Amino acid sequence: MRAVRLESIGSLTMRSVEKPAAGPGEVLVRVVAAGICGSDRHMYKGEYPTSIPVTMGHEFCGLVEEVGEGVARFAGGELVTVDPNIACGTCRACAQARPNLCESLTAIGVTRDGGFAEYVAVPQAQAFLLPAGLDPVHGAFCEPLACCIHAIDKARIRPGDGVAILGGGVIGLLMVQLARLAGAGTVLLITRQQSRRETALRLGATHAFDPNSSDTIASVREVTKGGADVVIECAGVSDTLQSGLRMARRGGVFVLFGVTPAGVEVPVLPFDLLINEVDIRPAYLNPFTHSRAAALVANGALQLDALVTKTIGLEEVADVVGNAPLSGEIKVIVRP
C-alpha cells in the first residue's frame, strides 16, 4: 500500500510499504479521509516529539475492513473515527482519570503508524462508530474537535459569558462554534486573515478583529466591558500568549491550547497575574472526549464544510505539510 512516511526531520516521502493486518484486539481501517494538522507541521520540523520513521496522520476516518482475533465491537464495513491517543491505563495519571497525561502515552500517526496511508491497524478501543451515511470528511474532524471539547470543558463557559479566541485556523473556528453551543453571549475572534474573520462571523462569532490594524486588547476589553470572561489561545505563538493574558478580566480564565514549539519561552508579568487572579488552564489532547466529538459530528451540530479549503491525494501530502499554510487555508483533507 501507499503511505506517507516521516523518515527524518524535514524529510516526508510517500513510500510503498507492506499493508498491515489486524492483530489480536485490532481492526484494520481503510482510510477514507484524513486531516492535516498544525501538529503535523511541528513534527515535520522537529518541534514536537515523534518517532522516526513513522507514517504520519492522526486525524482520520475510515471503514473497518478486517477484524482481529478477540474483536467483538465490529464485524467489518462500519464507518469509524479513530482516537489516536493510547494510554497505558495503569500509571498514576491514568489511575486519576487523566489519560492525556499518561506516562507511557503513544499516539497513532505520531509514535506509531497513522492515517496518511491507505490502511492502518488500530486497537478496537480507539475506534468509534459513525453513521453509515455520514460524509467521511466530517468524520476526519473528530480528533481535533475532541481536543477542542477538552479545552471548552476546562474553560467552564457560563451562559452569557464573553469569550475571546486568538487564532483563526481550524481550531479557532471550531472553538467559535463550541463556545456558542456552550452558551457564550459574546464571541470575539482575533486573526490576521480577513477570509478567516469573515468565516468566523458566519459561524457564530459576534466580533472579529485584525491584530495588525487595531489594538485588540483595547477592543476586547471595550466590547466585554472590562475583559473577557474566558480567553482561549489557539495560535501557539508568543505574541498571542502575552496579549491573551491581558484580554482576560480580573478573575477571568485563560485557556492555553495552541501548540508552541518545544523550548519557546514567553515573558509574563507575574504581578499582573497575581493581582488580577487570572486562572491559567492548559488543555492538552482529548481525555474521554472523542465519543462526544463523534456524537456532535454525527448529529450535524457543527458547520464543517465551511472549514474545508482543499482536498488532496497522498502524493501531495509532503508538499502541504512541508510548507506554511497558504493564505486563506483552513483545513486540508487527504483522500487516499
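Remember, it's a predicted structure, so these values are computed and weren't measured experimentally.

Student: Please set out the side chain of His150 residue by residue, giving values where relevant.
Tutor: Here His150 shows up in helix H4 (residues 142-155). In contact with His150, other than residues within four places in its own chain, are Asn100, Ala283, Tyr284, Leu285, Asn286, Pro287 and Thr289.

Student: Help me get a handle on helix H6 (residues 194-203), residues and values and all.
Tutor: When H6 is considered as a whole, its buried residues turn out to be Arg196, Arg197, Thr199, Ala200 and Leu203. An end-on view of H6 places all buried positions within 160° of arc, on one side of the element. In H6, the exposed positions angled more than 90 degrees off the buried face are occupied by Gln194 and Arg202. Those residues of H6 hidden inside the fold are in contact with helix H5 (170-181), strand S12 (186-190) and strand S13 (207-209).

Student: Run through the state of the cysteines, naming residues and quoting values.
Tutor: What the rule picks out here adds up to zero disulfides. Free cysteine Cys94: the closest other cysteine sulfur is in Cys91, separated by 3.7 Å. Here Cys94 falls in the buried class, since its relative accessible area comes to 14%.

Student: Explain the environment of Val163 residue by residue, including any values.
Tutor: Summarising the element assignment, Val163 is placed in strand S11 (residues 162-166). Each C-alpha atom, one on Val163 and one on Gly77, is 41 Å from the other, the two residues being 86 residues apart in sequence. When sequence neighbours within four positions are dropped, the list of residues in contact with Val163 reads Ile157, Ala179, Ala184, Thr186, Val187, Leu188, Val230 and Ile232.

Cut-offs used in this document
All residue numbers refer to position in the chain's written sequence, counted from 1. For a predicted model such as this one, the threshold for reporting local features is a pLDDT of at least 70, and the threshold for listing and counting side-chain atom pairs is 80 or more; totals across whole chains, interfaces and linings nevertheless cover every residue. Note: side-chain values were computed over all heavy atoms of the structure, leaving out hydrogens and water. Helix and strand labels come from DSSP, where a helix needs a run of H or I of at least four residues and a strand needs a run of E of at least two; each type is numbered from the N terminus. What makes two residues a contact is simply this: any of their non-hydrogen atoms within 4.5 Å. Three exposure classes are used, based on accessible area relative to the maximum for each residue type with a 1.4 Å probe and protein chains only: buried under 20%, partly exposed in between, and exposed over 50%. Within this analysis, the arc is defined by the directions that extend from the helix axis to the C-beta atoms. When the sulfur atoms of two cysteines come within 2.5 Å, that pair is taken as a disulfide.

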